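This is what each chain is made of:
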Amino acid sequence: MALAGPSGAGKDTLLAAAQAELAGDPRFHFARRSVTRLPTPGGEAHEPLTPAAFEAALAAGQFLLHWRAHGLGYGIRHAEAPGGCVVVLSLSRAVLLEAAALRPLTVIEVTAPPALLAARLAGRGREDAAAIAARLAREVPLPPALDVRRVVNDGTVEAGTARLRSALEAVAAACLPGGIRP
Ligand SMILES: Nc1ncnc2c1ncn2[C@@H]1O[C@H](COP(=O)(O)OP(=O)(O)OP(=O)(O)O)[C@@H](O)[C@H]1O
Ligand SMILES: O=P(O)(O)OC[C@H]1O[C@H](OP(=O)(O)O)[C@H](O)[C@@H]1O
């Protein structure tokens with residue numbers, strides 16, 4: 001299952017909350033991303049890589065998926081997508097078709113109204129005003145013919161997390177006991 005959607009929609013926030021609630025649930029594995037960005041307090045628990053280390057990992061074939069956006073490199077290492085029942089990861093909309101060619105894919109499109117996106121990115125304070133404007137202007141259409149469920153994160157974090165949990169549970173309902181893929 002891949003979370004995707006515009007910057008500021010709340011993908012990282014809802015993913016982290018759902019991951020905490022589902023810790024120890026054998027049906028789910030939450031994949032860590034590798035990103036050429038230093039960690040920020042309270043931010044995503046990614047693997048920070050230097051640009052050189054990212055290029056070396058890419059050249060060595062260590063990424064199952066990778067993409068570039070906002071001047072950064074992002075990757076999912078092979079070990080982060082093991083053969084369990086449901087692997088949950090946050091992806092660029094630009095690699096969803098590639099992901100769907102690897103494994104059966106359900107996309108969770110996380111969205112919020114534009115005014116909320118802008119307010120949240122400003123409040124997050126990770127990027128400067130120009131970078132925030134570029135993020136808000138970025139449009140990447142979702143490819144057609146994918147299984148897409150929409151989570152509108154326009155209320156509290158708790159409400160958004162409950163919506164994400166419902167979507168995760170709906171897909172995981174097919175898992176066999178012990179978290180085995182059917
Ligand atoms: N439901 C919510 N209510 C209030 N604030 C929220 C909510 N969801 C997320 N936020 C806040 O909005 C900001 C952006 O959220 P987050 O970083 O999770 O978005 P994102 O979709 O992962 O964005 P990006 O694609 O840029 O990484 C964060 O500061 C987060 O705390
Ligand atoms: O716009 P698209 O291509 O869907 O996404 C581009 C990338 O930007 C965001 O990452 P972050 O905010 O830098 O962590 C998304 O999570 C994604 O990885």
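Computed from a predicted model, the values in this text were never measured in an experiment. (Residues numbered from 1 in each chain as written. Chains lettered and ligands numbered in written order. Predicted model: local features only at pLDDT ≥ 70, side-chain atom pairs only at ≥ 80, totals over all residues. Heavy atoms only, no water.)

Q: Mind showing me how you'd approach the site of ligand 1 here?
A: Neighbouring ligand 1 are 16 residues, the closest being Ser7, Lys11, Thr13, Arg124 and Arg135. Contact distances for ligand 1 include 2.5 Å between an oxygen atom and a side-chain N or O atom of Ser7. For ligand 1, an oxygen atom lies 3.0 Å from a polar atom in the backbone of Asp12. Considering ligand 1 on its own, with 630 Å² of exposed area, one finds that the protein chains cover 78% of that surface. Taken together, the elements giving at least two residues each to the shell around ligand 1 come down to α1 (11-21) and α4 (114-124). The residue inventory of the shell around ligand 1, partitioned by class, reads 3 nonpolar, 7 polar and 6 charged. (Near = heavy atom within 4 Å. Polar contact = N/O pair within 3.5 Å; in protein donor to acceptor, adjacent residues only side chain to side chain. Areas by Shrake-Rupley, 256 points an atom, 1.4 Å probe, with all protein chains shown as cover. Helix = DSSP H or I, 4+ residues; strand = E, 2+ residues; numbered from the N terminus. Nonpolar A, V, L, I, M, F, W, Y, C, P; charged D, E, K, R; others polar.)

Q: How should I be thinking about the nonpolar core in this particular structure?
A: Generally speaking, a soluble globular protein has its nonpolar side chains buried in company with each other. Core analysis: the largest hydrophobic core is formed by 22 residues, its most contacted members being Leu3, Phe28, Val86, Val88, Ile108, Leu164 and Leu168. Those elements that place two or more of their residues in this core are α1, β2 (28-30), β7 (86-90), β8 (106-111) and α6 (157-172). Examining the composition of this core, we find that 4 residues originate from one element, α6, more than from any other. Discounting chain neighbours no more than four positions away, the residues touching Ile108 are Met1, Ala2, Leu3, Ala4, Arg149, Val151, Leu164 and Ala167. With 20 residues, the next largest nonpolar core counts Ala31, Val87, Val95 and Leu96 among its residues. (Core = buried A, V, L, I, M, F, W, Y, C linked by side-chain atoms within 4.5 Å. Buried < 20%, exposed > 50% of the residue type's maximum accessible area, 1.4 Å probe, protein only. Contact = heavy atoms within 4.5 Å.)

Q: Before we go on, may I ask you to explain the pairing of strand β5 (residues 63-69) in this structure?
A: Two faces, one strand: in a regular strand the side chains alternate between the faces of the sheet. Pairing geometry for β5 and strand β6 (residues 72-77), over 6 bridges, is antiparallel. Bridging across to β6, Arg68 finds its partner in Gly73. Joining the antiparallel neighbours β5 and β6 is a turn of 2 residues, in which His70 adopts a positive phi near 55°. (Pairing = 2+ DSSP bridges.)

Q: How should the state of the cysteines be read in this particular structure?
A: Here a disulfide denotes one covalent bond, and it connects the sulfur atoms of two cysteines. Under the counting rule described, the total for this entry stands at 1 disulfide. One disulfide bridge connects Cys85 with Cys175, the sulfur atoms lying 2.0 Å from each other. Between Cys85 and Cys175, the S-S dihedral sits near -95°, and the bridge is therefore left-handed. Separated by 90 residues along the polypeptide, Cys85 in the loop between β6 and β7 and Cys175 in the segment after α6 bring together distant segments of the chain. Each of the two residues, Cys85 as well as Cys175, counts as buried. (Disulfide = S-S within 2.5 Å.)

Q: What am I meant to see in the site of ligand 2 here?
A: Neighbouring ligand 2 are 14 residues; Arg37, Tyr74, Ser92, Arg135 and Arg138 lie closest to it. In the model, an oxygen atom of ligand 2 is placed 2.9 Å from a nitrogen or oxygen of the His70 side chain. Its free accessible area being 440 Å², ligand 2 has 96% of it covered by the protein chains.

Q: Would you take a moment to explain the pairing of β6 for this structure?
A: Along β6, 5 of the 6 residues are buried, which leaves the element largely enclosed by surrounding structure. The pairing of strand β3 (residues 34-35) with β6 spans 2 bridges and is antiparallel. Following the sheet pairing, Ser34 is matched in β6 by Gly75.

Q: Hey, could you run me through the UniProt feature "binding site: ATP" (unreviewed entry) in the chain in this one?
A: When the UniProt feature table is mapped onto this chain numbering, "binding site: ATP" (unreviewed entry) sits at Gly5, Pro6, Ser7, Gly8, Ala9, Gly10, Lys11 and Asp12. Relative to the helices and strands, Pro6 resides in the loop between β1 (2-4) and α1. By relative accessible area, Pro6 is classed as buried at 19%. The class of Asp12 is partly exposed, set by a relative accessible area of 25%. Ignoring anything within four residues of it in the chain, the contact list for Asp12 reads Arg33, Glu44 and Ser90. (UniProt positions renumbered as here; feature names shortened; annotations may be inferred.)

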